[in-house]
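What follows is the residue order along each chain.
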Amino acid sequence: SQQGEEDPQALSIQEGENATMNCSYKTSINNLQWYRQNSGRGLVHLILIRSNEREKHSGRLRVTLDTSKKSSSLLITASRAADTASYFCATAASGTYKYIFGTGTRLKVLA
Amino acid sequence: SQTIHQWPATLVQPVGSPLSLECTVEGTSNPNLYWYRQAAGRGLQLLFYSVGIGQISSEVPQNLSASRPQDRQFILSSKKLLLSDSGFYLCAWSVQGGGQPQHFGDGTRLSIL
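Worth saying up front: this structure is predicted, and the values here are computed from it rather than measured. (Residues numbered from 1 in each chain as written. Chains lettered and ligands numbered in written order. Predicted model: local features only at pLDDT ≥ 70, side-chain atom pairs only at ≥ 80, totals over all residues. Heavy atoms only, no water.)

Engineer: Is there a simple way to think about the state of the cysteines in this case?
Structural biologist: In a disulfide, the sulfur atoms of two cysteines are covalently bonded to one another. Residue and element names in this part refer to chain A. Taken as a whole and judged by the stated rule, the model has 2 disulfides over all chains. The residue that forms a disulfide with Cys-23 is Cys-89, at a sulfur-sulfur distance of 2.0 Å. Classification of the bridge connecting Cys-23 and Cys-89 rests on its S-S torsion, roughly 70°, and on that basis the disulfide is right-handed. Placement of the pair is Cys-23 in strand β3 (residues 19–24) and Cys-89 in strand β9 (residues 85–93), with a sequence separation of 66 residues. Accessibility classification places Cys-23 together with Cys-89 in one group, the buried group. (Disulfide = S-S within 2.5 Å. Helix = DSSP H or I, 4+ residues; strand = E, 2+ residues; numbered from the N terminus. Buried < 20%, exposed > 50% of the residue type's maximum accessible area, 1.4 Å probe, protein only.)

Engineer: Before we go on, may I ask you to explain the sheet that holds strand β8 (residues 71–76) of chain A in this structure?
Structural biologist: Remark on secondary structure: sheet strands pair via backbone hydrogen bonds, oriented parallel or antiparallel. Residues and elements named next belong to chain A. On the basis of which strands lie adjacent, the open sheet formed by 5 strands has the order β1-β3-β8-β7-β6 and antiparallel pairing. Pairing within the sheet leaves two strands with one partner each, and these edge strands are β1 (5–7) and β6 (55–58). Pairwise comparison of adjacent strand axes, ignoring direction, gives a mean angle of 20° for this sheet. Bridge count between β1 and β3: 3 bridges; the pairing is antiparallel. (Pairing = 2+ DSSP bridges. Axes fitted to C-alpha atoms, helices over the stretch in contact; angles between N-to-C directions.)

Engineer: What's the story with the confidence of the model for chain A in this structure? I'm lost.
Structural biologist: Detailed conclusions should not be drawn from predicted coordinates in areas where pLDDT is low. Mean pLDDT over chain A stands at 92; residues scoring 70 or higher make up 96%. Considering each helix and strand of chain A separately, the mean pLDDT is smallest for β1 of chain A, with a value of 83, and largest for strand β7 (residues 61–66) of chain A, with 98. (pLDDT = per-residue confidence, 0-100.)

Engineer: Can you walk me through the sheet that holds strand β8 (residues 73–78) of chain B in this structure?
Structural biologist: Residues and elements named next belong to chain B. Here we have 4 strands laid out as an open sheet, ordered β1-β3-β8-β7, and antiparallel in their pairing. Each of the sheet's edge strands pairs with one partner strand only, and the pair in question is β1 (3–7) and β7 (64–70). In this sheet, neighbouring strand axes are inclined to one another by 15° on average, regardless of whether the strands run parallel or antiparallel. Inspection of the sheet shows β7 paired to β8 by 5 bridges, in the antiparallel sense. Paired with Leu-64 across the bridge in β8 is Ser-78.

So this is what it looks like as structure tokens:
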């Protein structure tokens, strides 16, 4: 079964608004990663946050990690139509090479 | 810079036919390599991963197999396809070491008739 679970499953917002999506996982991790997937394409790595970090920024992206709650959130500020995509979190349990991807959040940004 | 190539982009195969999907990586050496399957509107299911030539770890019992004949080549195969093998197949690579960012190909959409 999938370790990561994102919510909401789908999100529709207006251009310029912020989008927040959440991810929960089950086991101890080294880091948590967020990826974006445009329809019919491969995934693109967005940001990695290590287990000893609580917050990380990259451009319009802000990721938080709460290891006590085994959860993470991805915030996209000032969204654009080009941000329309599915977003996935991925975790690798400590000491493994296996990545577990969540079920994804489908984001639609309306122009 | 590193690139990953996956082909074909789309494939339609009859039930019971064989399968061979190929993935190659350029611009890096000794990468970790991964095969995933993605059902429509779903997350990714890890099928196989490899940390070196000839080293394959299988994650899900199935009628698929993987091989790594060269350092930067990863092949997904089946002797006899099932209807349930339909899906979007993605190859990815990462540098050695656990928990590294993965870099994905553009995938192969496989339809079984």
